[in-house]
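Structural features, examined
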Amino acid sequence: MAIEAAIPAETAAETTATVLAKAGEVPIKAEYLLPRAEKPSEKPSEKPSEKPSEQPSEQPSEQPSEQPNEQQPSEEQPSGGQPTEQNSTEKPTGKKSGQNKQRNKRNKPQIARDRICRHVAIDAECPQGDACPNPHDVAAFMATKEPDLGAQCPVFDALGRCPFGLRCRFAMAHTTEDWKQVVDEEKAARAPAEPVRNAMSRDMQIRLRKRVERFPRTLAFDAAWQAEHGRGKGGKSEETEKIEETAEPDKIKKTEETAEPVKADETEQADRTEADDTMKAHPAKRQRARRVDFRGKTYLAPLTTVGNLPFRRVCKGFGVDITCSEMAIANNIVQGQGSELALLKRHASEDIFGVQLAGSRADMVGKAAEFVGRHCDVDFIDLNLGCPVELAFNNGGGSALLAQPRKIERIVRTMAAVVDCDVTVKFRTGIRAPDVAEKLAPQLHAWGAALGTLHGRTRQQRYTRLADWECIGRARDLAAPLPLFGGGDVLSWEDYWDHVETRRQCDGVMVGRGALIKPWLFQEIRERRVWDISASERLDMLRDFARFGLEHWGSDTIGVANTRRFLLEWQSFLCRYVPAGLLEVLPQRINDRPPPFVGRSDLETLMASHNAADWVRISEMVLGPAPPDFAFVPKHKSNSY
């Protein structure tokens, strides 16, 4: 994308302009403001009955689209949500949970009623023959198939062939008149041999489910730990005891290691012996392992749901250095759950990539880490100690581990012992009070961690209030020589360099919500200037995401539906961006809410809408028409913006 307009640093630093906004509001120039109106109640928005006859113009608009900045709750991270008309009569239960449990489930992709055998769809012979449960009648399938969504197939353009054949929603781009599939040899030759790595085979999934896959390093370390510290105990160092003095005992409950160790049968004993022999025979193997120099690099945070592979590819296009998978549950990986194993995939463009694991048991996290280190191409494995969601917290994982420093020590030491890549740790300042980070940070290096990343909020805060960067600064000084990254509220290059260079509060910044709102933030950080990106350039970015999504999830009906759903989940963040040219004072602050405003063009106004129906309209510009009964409500919502 070409940069149409750039705002110099002098203008970006201006703070003396006349501001008409209230406290906590984005300061927008008066000529773009609209009269304030009462906010309508939230309702699951259906697809608009009338589709726009053409794409919104880039010409200046006089009227905004419907409710251009009506607050629509979303996300795993903060979202601006107000009680809906439906739940306002319910008894108050305190702060809202992160998950939007009232959402309409109809936006989930449905398998088409008229199907065809996947082998026949690509001109291949079906191995089941007449016993195949799917139809083989190509003419009947094509007669009832929904119309194509476009004349070009993104998968065919990237690979020179389409593995979905006739099932593809762009099938005519690679299908002859007699329903045969076309292969472009030139494109196929240029296609990367392995564009996506870490894809687990069906055989590997079966090995995990049947418990055939072995974890000799984890078993060997676990046996050594129990011999030194006692069976079922974490063992305490002097420093760990000091941390535990302030831990909350009521959070330890069932998260103590109550599970009985697996009995050491002959096979497991052999595994342990094999692991011991391997480590003794190859003492230099771990020293030769590739190590990452994290300092000075930009880091895209692991983001549940929205931090998928296509989104990470978009961010790589804007120059981010380090990417990480969505949070994967250790138990689910060890049990071979397909949805969890899919989170381990890495695109070839991700040159520094890690996998984030969450769990409450050292043996399970160790096994998952050993599996990832053995079968996946990763540069580091991250331990999640920051997830505030109840599902993880109530099971003793995520931020609940902050109350149990001796268990953290055992998990980190186990991970460092069983993998040859770096181990990193992401954590919060505490659970209820910021009383853990400054005691935990100094211990991580001795336990084997290569990097710590600290979100400057407690678990109870989630994403409300401002991040405590003073706490991050103190923790960074205590963590040395371990590099420590900070995180929280960074939405501009000024914020980034202020924390890294001016105040020296961290060795780098992990960017989460800021990247979801404006992925081009990484380019702004590198170039140290504000990019007043145009609406057409932002639409091009969405086209890239749609193309990446179809390559990743598929170009058939299910793949298109998945791509649309994840695009809409992301749009619940993108709509919070206020164009730089509309601001009275730069930069935009992440927790400030915009008053009603109109953009410089119809498309810019549409992109600022918090109405989910407008998000569906935007998705139709890059993915074609949505199904007639399509509806969308974001997966997550909470009480913060």
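Refer to the structure presented above.
Our subject in this report is the structure included herewith. Just so it is clear, the model here is predicted, and its values are computed rather than measured. (Residues numbered from 1 in each chain as written. Predicted model: local features only at pLDDT ≥ 70, side-chain atom pairs only at ≥ 80, totals over all residues. Heavy atoms only, no water.)

Side note on the pairing of strand β10 (residues 422–430)
Walk down a regular strand and you will see the side chains alternate between the two sheet faces. When you tally the buried positions in β10, you get nine out of nine residues, the bulk of the element. Of the strand pairs in this sheet, strand β9 (residues 380–385) and β10 are connected by six bridges, and their pairing is parallel. Counted as the bridge partner of L385 is F427 from β10. (Buried < 20%, exposed > 50% of the residue type's maximum accessible area, 1.4 Å probe, protein only. Helix = DSSP H or I, 4+ residues; strand = E, 2+ residues; numbered from the N terminus. Pairing = 2+ DSSP bridges.)

Notes on the pairing of strand β8 (residues 352–358)
Counting buried positions along β8 gives seven out of seven residues, so the element sits mostly inside the fold. Where burial is concerned, the two faces of β8 agree: the one with I352, G354, Q356 and A358 and the one with F353, V355 and L357 are both buried. Sheet topology places strand β5 (residues 322–324) next to β8; three bridges connect them, and they run parallel. From the neighbouring strand, I322 faces β8, where its bridge partner is I352. Sheet analysis places strand β6 (residues 328–329) next to β8, joined by two bridges and oriented parallel.

Points about the packing of aromatic side chains
Tallied over the full model, the rule gives 11 aromatic pairs. Summarising the aromatic geometry, the rings of Y299 and F380 are spaced 6.1 Å apart at their centres and angled 80 degrees between planes, so their arrangement reads as edge-to-face. Here the residue Y299 occupies a position in strand β4 (residues 299–300), and F380 occupies one in strand β9, the gap between them amounting to 81 residues. Like Y299, the residue F380 is buried in the burial classification. Put simply, the rings of F294, Y299, F380 and F485 pair up and form one aromatic cluster. For the cation-ring pair, R459 lies above F393, with the distance from its terminal atom to the ring centre recorded as 3.9 Å. One residue, R565, lies across the ring of F566, its end atom 4.3 Å from the ring centre. (Phe/Tyr/Trp six-rings, centres within 6.5 Å; stacked < 30°, edge-to-face > 60°. Lys NZ or Arg CZ within 6 Å of the ring centre and 35° of its normal.)

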